Amino acid sequence: MEYIDNIIFAILLFAGIAFFVRNVKKLKRNIDLGKDIDRSDRKNERWNNMFRIALGQGKMTRRPVSGLLHIIVYVGFVIINIEVLEIIIDGLFGTHRVLSFMGGFYGFLIGTFEVLAVLVLFSVIVFWIRRMVLRIPRFWNKEMKGFPKNDGLYILYFEMVLMTLFLFMNATDHQFQLAKNGNVISQYLYPFVLENPPIVLHYIERTFWWLHIGGILIFLNYLYYSKHLHILLAFPNTFFANLNPKGQFTNDATVMKEVKLMMDPDADPFAAPQEGEDEGEPEKFGASDVTDLNWVQLLNAYTCTECGRCTSSCPANLTGKELSPRAIMMKTRDRLEEVGKNIDANGGEFKDDGKQLLNDYITPEELWACTSCNACVEECPVSIDPLSIIMDMRRYLVMEQSAAPQELNMMMTNIENNGAPWQYNQMDRLNWKDE
Amino acid sequence: MNVPTMAEMMAQGKQPEVLFWVGSAGSYDDRAKKITRAFVKILNKANVDFAVLGTEESSTGDAAKRAGNEMVFQMQAMTNIEILNAYEIKKIVTCDPHSFNTLKNEYPELGGTYEVYHHTQYIQQLISEGRLELNGSMDNDRVTFHDPCYLGRANDEYESPRELIKRLGVNLVEMKRNKRNALCCGAGGAQMFKEPEKGDLDVNVLRTRDALKTNPKIIATGCPYCNTMMTDGVKAENKEESVEVLDIAELIANSENL
């Protein structure tokens, strides 16, 4: 029975990691449902973006208060997690603070963790106040009701609890406190717990230790179900982001083929398809469901942490329109999750559920309210591009369904017939010079 | 006005140094035509050897593309590219950031690769080459500049228009939302051609309020569509008596008495 703790720990650790890996595989499978797009070019720029924007938090401080607090939480999260290494070794081999042989350096590390834990705790409390007391509008848009709102709060509570557990785990560690090596913060908590008899103190310490590692494993596995995947996906997302000028929209490849054929004087419109040529269904124009989007757009959807910087800078949203770029990303993810679950339930194959991203999730009213101003793209701290999804869906509405607003149909007809969006005579194009 | 066309140039066996892409707004819209003429005055002042396509020019297709009609866009693009390539055009300047963006970024893949400039970039270049001199004769008027999305965020050009404005001896005051944080005027993405969706305010009014907070005498823009939206916004806020909306080309033409 002596090893029971270690066995339980090993099982917990294994289960926690296995479940996480299972979800990561599902995540990858879902992202791969997207169309192919080549983002393997310009590697140097891509690495550079990843280092600057994700690792270096380059865009976060554009909003200084939330940016600085976020950097504290980010740095704290990354550095304090070094401690997890020790926890795992201790847990598996029944040691206690196995790394303490490093002496002064160990003290320095733990001391740093403790200071960061307090800073993180402080930041997270400010975050909570910003959401719940100051009620910053971007946390209260209409898409932030129900789970999305609670999800944000759960994450904050998680972090508060984990940091508190870490500090109290150290405070109740009698030996650690006596060693006075790195207990820079916990020494002030120690007097509060000192009254307990040593054996009780030991059990409290053990409880906090278990809760701490348990909490970390639960948090790890909550990620997939939460908006918090950005702590992992921000890296690939910034790496694979669009590198072209933001005003450059893709030229639809399907249309390109057709237009080239139309413009080619030698093309025979009645020619039978050549041997080996694809005779399958003609490709669909634009996107009406998640599987019509490319995998980078789907990766974007999983990366979104629903901070709402995009929506708070969107001219349509600021003037009370239905459109919210954040909601576009959330709805894309919700639909993608639904499609993924459908595939899981039907033995690996998608069974038509009579639903799609368009109409069932994103309405034409939202899509038509966009001014394509790129404010959302510019704002996103992890290089998400909601505009590309909006444009792909407009293409479907116009080219597959002829469902543009009437005034736009007139504009497009004018361009086709008169070479201008208004009904003017082409021959009058130069009249301005004599007026 | 001295405005040669490419056809005339070709007939004389000449090739201009730059093609002025007028754009549909600049050709037909009464307000935008003034911008076009102001820019031609500047080109003439600097003795730029330019030409226009005239009746051979057609919509770039930008508005159709942003509305989702890739088919109409690419048809327009291919037609324009055929003409531009037939005239062996190398360099293009335009007063319309939408044409600028489309010609510069979206035509190359379709076979049309040119050096494309927004007129503020081009004028700035004329000045740095010593071909044009501005003598800043405006008396420290308060001017605020509204960044067109398709010049600013879309193509990261924030400085050329500002450098030009500063040369005119005015007091350039920035709106709170400026440069990459600038708010759209509400015209982009084909919104110019349709009624807005239901909401509680029009985008151009919100943006005009941003501008009016700087207490300007002039709201400067670099886009014919922004110009229309801001002009309408100024009217909606009953400020048309005291605030003028002008393109940078007009500012220059006025201050240099062209």
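Predicted model, so just to flag it, every value in this text is computed and none were measured.

Now for the interface of chain A and chain B. If you look at the interface, chain A gives 54 residues, while chain B gives 56 residues. Listing elements by their share of the side of chain A that touches chain B, those giving two or more residues are α11 (253–263), α13 (315–318), α16 (364–368), α17 (375–379), α18 (386–400) and α19 (406–418) of chain A. Here the side of chain A that touches chain B is composed, by residue class, of 30 nonpolar, 11 polar and 13 charged.

Right, let's talk about the domain arrangement of chain A for a bit. All names here are of chain A. Per the domain assignment, the segments of chain A are domain 1 (4–31 + 63–228) and domain 2 (253–267 + 281–423). Taking only C-alpha atoms, the centre of domain 1 and the centre of domain 2 are 39 Å apart. Listed per partner, the contact involves 14 residues of domain 1 and 17 residues of domain 2. Contributions of two or more residues to the side of domain 1 that touches domain 2 are made by α1 (4–31) and α6 (147–171). Take the side of domain 1 that touches domain 2: its biggest share by element is 4 residues, from α1. Partitioned by chemical class, the residues of the side of domain 1 that touches domain 2 number 5 nonpolar, 4 polar and 5 charged.

Residue and element names in this part refer to chain B. With respect to topology, 4 strands assemble into an open sheet ordered β2-β1-β3-β4, the strand pairing being parallel. The sheet is open, and its two edges are formed by β2 (50–51) and β4 (115–118), each paired on a single side. Bridge count between strand β1 (residues 18–21) and strand β3 (residues 91–94): 3 bridges; the pairing is parallel. Its bridge partner being in β3, Phe20 is matched across the sheet by Val93.

The subject of this paragraph is helix α3 (residues 64–80) of chain A. Residue and element names in this part refer to chain A. Taking 1.5 Å per residue, 17 residues should reach 24 Å; α3 reaches 24 Å between its end C-alpha atoms and fits that length. Along α3, the positions that sit buried rather than exposed are Ser66, Leu69, Val73 and Gly76. All buried residues of α3 project into a common sector of 100° when viewed along the axis, lining one side. Opposite the buried face of α3, at more than 90 degrees from it, the exposed residues are Pro64 and Val78.

Scoring rules and cut-offs
- Residues numbered from 1 in each chain as written.
- Chains lettered and ligands numbered in written order.
- Predicted model: local features only at pLDDT ≥ 70, side-chain atom pairs only at ≥ 80, totals over all residues.
- Contact = placed C-beta atoms within 7 Å.
- Helix = DSSP H or I, 4+ residues; strand = E, 2+ residues; numbered from the N terminus.
- Nonpolar A, V, L, I, M, F, W, Y, C, P; charged D, E, K, R; others polar.
- Domains from an automatic or database assignment.
- Pairing = 2+ DSSP bridges.
- Expected span 1.5 Å × (residues − 1).
- Buried ≥ 20, exposed ≤ 12 C-beta atoms within 10 Å, placed from the backbone.
- Arc of directions from axis to C-beta.

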